[in-house]
Amino acid sequence: MRDVVILGSGCAGNTAAIYAARANLQPLVAQGHEPGGQLSLTTLVENFPGFPEGINGPDLVENMKQQAIKFGAEYVSGSVTEADLSQRPFRVRIDEERVETRALIIATGASARWLGLASEQRLIGRGVSSCATCDGFFFRDKKIMVVGGGDSAMEEATFLTRFGREVTIVHRREGFRASPIMLERARGNPKIKWLLNAVIEEVFDVEKGLVTGVRLRDTKTGEQRTEEVDGLFLAIGHVPNTAPFKGQLELGKEGFIVSRGGARTSVAGVFHAGDVADRTYRQAITAAGAGCMAALEAQRFLEAEGPWQARRQT
Ligand code: NAP
């Protein structure tokens, strides 16, 4: 039996762990299927306050984890596969292990969104990727496409110009969600080409087991054409990791946890932190702030039930 279990070890989960550990709640942190969260897949983070020269994403999350461990947080590998939030203590299954907890912080984040094409799915890891930092190295001197019009697409395309001989950004319209600074950086890069008002309808070649090209459709004219390409990177946003909580917590249309103010969810004693409930800001610093809020709320929730020391002895 735990006082606090934290699901997820990105910025939100790690910050919740620091605060919960410093409140002497000895939190258990399930690291999730992507330990360190999305920052573990990035390179230099330039906008996290306190690091004027920037800091590498993996270093930032690892520092947070070590800080939490220093104050007594316990980390285990594994992801939540089942949860029973219908009664207290809450029950969660982390891989094969079942854990009971008085309060739960869900910081499971969000995972890369795919186009959903059968050919795309068959070629993941064979030229189709959602992580330039992880896979860019394999595309030295190759022709690369990046799909998306947000900051991720700009960042990934810019990063991939280190490897590819040509990087084309494919975006379904002319307007961009990307921030002006990221967009300008990409526009100023001579290796980046642009294909606007275009969507990918098929990825070739499933039979060969590697990416050789794509079929594109112009969203304005409907015209189709094929283009040769060696690598396809998807940067079209993320979907929240809330499947185990479906039907138990109020979730919005796209699956994000609906906040009841602060870090509260529709179930008392269950709190949210980070991208799992945030479809607007999705920044490392906002996730960290949300982790702090969730831990403070969990602490207050437990305190309202009586002194935790007494409970722990029972
Ligand atoms: P995003 O801002 O939601 O952008 C997703 C892009 O993918 C949009 O342009 C969208 O097109 C397109 N898209 C979505 N579904 C698609 C589909 N099925 N087919 C084709 N295109 C599709 O996501 P993001 O770029 O991952 O950014 C998420 C957040 O992280 C943002 O707040 C961003 O600022 C932040 N971020 C910051 C940095 C940084 O500061 N270094 C780096 C990366 C991300 P439409 O525009 O037409 O909807």
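### Observations regarding the pattern of salt bridges
This model, assessed by the stated rule, comprises 17 salt bridges. Measuring nitrogen to oxygen at the nearest pair gives 3.0 Å for the salt bridge that ties R102 to D3. Here R102 is found in strand β8 (residues 97-106), whereas its partner D3 is found in strand β1 (residues 2-7), with 99 residues between them in sequence. Exposure class is identical for R102 and D3. Each is buried. Linking E100 and R91 is a salt bridge whose minimum nitrogen-to-oxygen distance equals 3.2 Å. Classification of R91 as partly exposed rests on a relative accessible area of 34%. Three or more residues joined by partner-sharing salt bridges are found here, namely E201, E202, R215 and R217.

### Considerations on the side chain of D3
Owing to a relative accessible area of 4%, D3 belongs among the buried residues under this scheme. Only 3.0 Å separates the side chain of D3 from the side chain of R102, close enough to count as a polar contact.

### Here's the deal with the domain arrangement of the protein
Assigned domains of the protein: these are domain 1 (2-111 + 238-313) and domain 2 (114-234). On the side of domain 2, five residues touch domain 1, which itself brings four residues to the contact. Counting the surface lost from both domain 1 and domain 2, the interface buries some 380 Å², and carbon and sulfur atoms represent 54% of this. In terms of surface lost to domain 2, no three residues of domain 1 exceed L41, T43 and E46, which account for 78% of the buried area on that side. When the shortest N-O distance is used, the salt bridge between E46 and R185 registers 3.8 Å. A per-class count over the side of domain 1 that touches domain 2 returns one nonpolar, two polar and one charged.

Calculation criteria
- Residues numbered from 1 in each chain as written.
- Predicted model: local features only at pLDDT ≥ 70, side-chain atom pairs only at ≥ 80, totals over all residues.
- Heavy atoms only, no water.
- Salt bridge = Lys/Arg side-chain N within 4 Å of Asp/Glu carboxyl O.
- Helix = DSSP H or I, 4+ residues; strand = E, 2+ residues; numbered from the N terminus.
- Buried < 20%, exposed > 50% of the residue type's maximum accessible area, 1.4 Å probe, protein only.
- Polar contact = N/O pair within 3.5 Å; in protein donor to acceptor, adjacent residues only side chain to side chain.
- Domains from an automatic or database assignment.
- Contact = heavy atoms within 4.5 Å.
- Buried area = accessible area lost by both parts, 1.4 Å probe.
- Nonpolar A, V, L, I, M, F, W, Y, C, P; charged D, E, K, R; others polar.

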